Amino acid sequence: MVTQVQLERHRRQLLQVEGMCARQINVILTSIRRMPPEQAAATLHRMVPAVVSRGGTAASFECARFYSEIRAAQVGGRYRPSAAPGARTAQVTSNIDWAVAGMLDGSGSDDVRSRLLRSVPRMALSAGRNTIIQNADRDSVAVRYARIPMGPDPCAFCVMQASRGFVFKSDSMNEWHDNCKCVLTPSFEESPRAEGYDPDVYYEKYQKGYKVAGGRRAGETAKDYTSRLMSAMRSENGLR
Ligand SMILES: [Zn+2]
């Protein structure tokens, strides 16, 4: 079983990575305060990628540690985890472009801080989760994952994913939200479990939504059905 101690420690470490990114972004923002917008934007393009890279390395290191810790406890033996590459340069550039857009066209310079404080930790944590997925792909032992909400208020999408319990490889593991504080949790056991995580609690919320939404209608796309189902889950359970 994945223990509460393992999960809590991992969550704390990831929060620290987010905090480190935020502090470094704030230092950079202070240094550009008096610069004209073009110069400020150029400075951000020069300095922010290093923050993304350091944050990604720290998150990957922590995720490799988490993976190895659970693997050692459940499987034993030796394992050398690898780290996934961090965010691509093009992705970092486009996130910075998005953050500085309002400052450059004069529509709102307040966006810079809030957008960087969202996108930089997000890119860092994503490198960490990719590390878990990469190790699972390379591992000779079969791995299943669960999305375990660790925040007080997970959204309908995350509740729906959490209701599935531990599953083999899944595309839905590509979508993550800043506020839901979910943890991508690997397990190597025959009947995977994690302490404090009961998929049935989430399944019940899913079922309440399903009772109202019903099945997929003729002609309805999978995407449209999912959003109708999630909106029923929201209204039936008071979810975000
Ligand atoms: Zn969510």
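Relevant structure appears above.
Attention here is on the structure that accompanies the text. Owing to the predicted nature of the structure, the values given are computational and were not obtained by experimental measurement.

What counts, and at which threshold
- Residues numbered from 1 in each chain as written.
- Predicted model: local features only at pLDDT ≥ 70, side-chain atom pairs only at ≥ 80, totals over all residues.
- Helix = DSSP H or I, 4+ residues; strand = E, 2+ residues; numbered from the N terminus.
- Contact = placed C-beta atoms within 7 Å.
- Buried ≥ 20, exposed ≤ 12 C-beta atoms within 10 Å, placed from the backbone.
- Axes fitted to C-alpha atoms, helices over the stretch in contact; angles between N-to-C directions.
- Parallel < 35°, antiparallel > 145°, perpendicular 65-115°, else oblique.
- Left-handed = near helix turned anticlockwise from the far one by under 90°.
- Nonpolar A, V, L, I, M, F, W, Y, C, P; charged D, E, K, R; others polar.
- Expected span 1.5 Å × (residues − 1).
- Bend = angle between axes of the 7 residues up to and from the residue.
- Core = buried A, V, L, I, M, F, W, Y, C linked by C-beta atoms within 7 Å.
- Pairing = 2+ DSSP bridges.

Let's shift gears to the overall build of the chain. From N to C terminus, the chain includes seven helices and two strands. Seen in sequence order, the chain has helices and strands lined up from the N terminus as α-α-α-α-β-α-β-α-α. Structurally, the chain occupies a C-alpha span of about 55 × 50 × 30 Å along its principal axes. Excluding contacts between residues fewer than 6 apart, the proportion of contacts in the chain whose partners are at least 24 apart in sequence is 77%.

By secondary structure assignment, the location of Y79 is in the loop between α2 (37-74) and α3 (89-105). By C-beta crowding, Y79 is classed as partly exposed, having 15 other C-beta atoms within 10 Å. Taking C-alpha positions, Y79 is 9.8 Å from Y67, a pair spaced 12 residues apart along the chain. Residues in contact with Y79, not counting those within four places in the same chain, are S68 and R71.

Here we take up the packing of helix α1 (residues 4-31) against helix α4 (residues 111-138). One can describe the packing of α1 onto α4 by two numbers: an axis separation of 9 Å at closest approach and a directional angle of 140 degrees. Relative to α4, the element α1 lies oblique. Crossing hand, α1 versus α4: right-handed. In this structure, α1 uses L14, V17, E18, C21, A22, I25 and L29 to contact α4, whose residues at the interface are V112, R113, L116, L117, V120, P121, A124, L125 and G128. Broken down by class, the residue content of the contact of α1 with α4 amounts to 13 nonpolar, one polar and two charged.

Across its 38 residues, α2 extends 53 Å between first and last C-alpha, which sits within 8% of the 56 Å expected from 1.5 Å per residue. The largest bend in α2 comes to about 30 degrees, at M47, with the proline P49 one to four residues further on. G76 occupies a position one or two residues after α2 and carries a positive phi of about 80 degrees.

By size, the foremost hydrophobic cluster in this structure holds 59 residues, and its most contacted members are V52, A59, V120, A124, I148 and V159. For this core, the leading source of residues is α2, giving 13 residues. Apart from residues lying up to four places away in sequence, V120 is in contact with C21, I25, V48, V51, V52 and G55.

Turning our eyes to something else, we now look at the pairing of strand β1 (residues 144-149). Regular strands place their side chains on alternate faces of the sheet. Summarising burial for β1: five of the six residues are buried, a large majority. Summarising the sheet, β1 and strand β2 (residues 182-187) pair through six bridges and their orientation is antiparallel. By the bridge assignment for β2, Y145 is matched with P186.

Most of β2 sits inside the fold, with six of its six residues counted as buried. Going residue by residue along β2, you find C182, L184 and P186 tucked away on one face and V183, T185 and S187 tucked away on the opposite face as well.

A few words now on unusual backbone geometry. Notably, K181 is not glycine yet its phi reads approximately 50 degrees, a positive angle. When you line up the elements, K181 lands in the loop between α5 (156-162) and β2.

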